[in-house]
Amino acid sequence: MRNILVSAILLIVLNIFFTKSGYSQFQKPVVGALIEYEDFATSTVENVPCDFFKEAFAGTIRRVDIKDRVDLKRLAGYANEFKMVKPKPIDVRVLLTICYSETKEEYCMDRWGLFVNKWTAKYYSNKRLADYILKRCR
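All values reported here derive from a predicted model rather than from experimental measurement.

J.: What's the story with the overall build of the protein chain in this structure? I'm lost.
T.: Along its length, the protein chain carries four helices and seven strands. Walking the protein chain from its N terminus toward its C terminus, one meets helices and strands in the order α-β-α-β-α-β-β-β-β-β-α. Considering the protein chain as a whole, with its 138 residues, one finds that 38% of them fall into the buried category. Excluding contacts between residues fewer than 6 apart, the proportion of contacts in the protein chain whose partners are at least 24 apart in sequence is 64%.

J.: What exactly am I supposed to notice about the environment of Ile133 here?
T.: Locating Ile133 in the fold gives a position in helix H4 (residues 127-136). The sequence separation of Ile133 and Ile35 amounts to 98 residues, and the corresponding C-alpha distance is 7.6 Å. Contact partners of Ile133, with chain neighbours within four places excluded, come to Ile35, Val94, Leu96, Met109 and Phe115.

J.: I keep staring at the environment of Ala56 and nothing clicks. Help me out?
T.: When you line up the elements, Ala56 lands in helix H2 (residues 53-56). For the pair Ala56 and Thr44, spaced 12 residues apart in the sequence, the C-alpha separation amounts to 9.1 Å.

J.: Looking at this model, I keep getting lost on the sheet that holds strand E2 (residues 62-66). Mind explaining?
T.: Pairing between sheet strands relies on hydrogen bonds along the backbone, with the strands arranged either parallel or antiparallel. Here we have seven strands laid out as an open sheet, ordered E2-E1-E4-E5-E6-E7-E3, and antiparallel in their pairing. In this open sheet, the two strands that pair with only one neighbour each are E2 and strand E3 (83-84). Of the strands in this sheet, strand E1 (30-37), E2 and strand E4 (92-100) are in contact with helix H3 (residues 69-79), which crosses E1 at around 80°.

J.: Explanation requested: the state of the cysteines in the structure shown.
T.: In protein chemistry, a disulfide is the covalent bond that joins the sulfur atoms of two cysteines. Across all of its chains, the model carries one disulfide by this definition. A disulfide bridge connects Cys50 with Cys108, and the sulfur atoms are separated by 1.8 Å. The sign of the S-S torsion, about 70°, decides the handedness of the disulfide formed by Cys50 and Cys108: right-handed. Remark: Cys108 occurs in strand E5 (residues 104-110) and Cys50 occurs in the loop between E1 and H2; sequence separation between them is 58 residues. Judged by relative accessible area, Cys50 falls into the buried class, the value being 12%. Among the residues examined, Cys108 registers a relative accessible area of 0% and is labelled buried.

J.: How should the confidence of the model for the protein chain be read in this particular structure?
T.: If pLDDT is low for a region, its predicted coordinates should not be looked at in detail. On average, residues of the protein chain score 88 in pLDDT, and 80% of them are at 70 or above. Across the protein chain, the secondary-structure element scoring lowest on mean pLDDT is helix H1 (residues 2-20), at 59, and the one scoring highest is strand E7 (residues 123-125), at 98. Note that pLDDT drops below 50 for residues 20-25; the model gives that stretch three contacts with residues more than four away or on any other chain.

J.: Can you help me understand the pairing of E5 in this one?
T.: Moving residue by residue along a regular strand, the side chains alternate between the two faces of the sheet. Where burial is concerned, most of E5 is hidden: six out of the seven residues are buried. Summarising the sheet, E4 and E5 pair through seven bridges and their orientation is antiparallel. The residue bridging Ile98 from the neighbouring strand is Glu105, located in E5. Between E4 and E5, which follow one another and run antiparallel, lie three residues. Here E5 hands over to strand E6 (residues 114-117) after three residues, with Gly113 in that stretch at a positive phi of 90°.

About the thresholds
Residues numbered from 1 in each chain as written. Predicted model: local features only at pLDDT ≥ 70, side-chain atom pairs only at ≥ 80, totals over all residues. Heavy atoms only, no water. Helix = DSSP H or I, 4+ residues; strand = E, 2+ residues; numbered from the N terminus. Buried < 20%, exposed > 50% of the residue type's maximum accessible area, 1.4 Å probe, protein only. Contact = heavy atoms within 4.5 Å. Pairing = 2+ DSSP bridges. Axes fitted to C-alpha atoms, helices over the stretch in contact; angles between N-to-C directions. Disulfide = S-S within 2.5 Å. pLDDT = per-residue confidence, 0-100.

And the structure:
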C-alpha cells in the first residue's frame, strides 16, 4: 500500500513539473491562423506600436490565411514555445492571429522576432515561430 501511495505522489509531482515546464504533450488545437504583415523593409518616422499597426499601414497590409492542417499543427507546436522576455520598444510589422476552437490569441511581431501578446502586453521571444512567419511572408 505504501509503495502505491509513493508512486502516485511521484507521478503527480512529475506531471506537474512537466506541464509547468512546457514538456506536456497537450496542445490546444489550432483551427485557423492569419498573418497580417507589412513589408519588413518599410521604414517609419516612429516605432509602430501594436495597437496602431492596422492604422499605420492601412491599404498596404498583406495577408496570409493559414488553413492547411499540417501548417496549423506546426503553428500550434511553435505557439507553445514562447519565452518571456523583458519589455522593450517594438516596431510592429506583423499581426498574428491564432484561432482555437473557442478562443483566439493575437500577437504583434517586429522585424527581429520580438512578440507582444496584444491583450496581455507581455513580451516574448520565439525563434521558430518568427522564422516560420518570415518564411510565409516572402
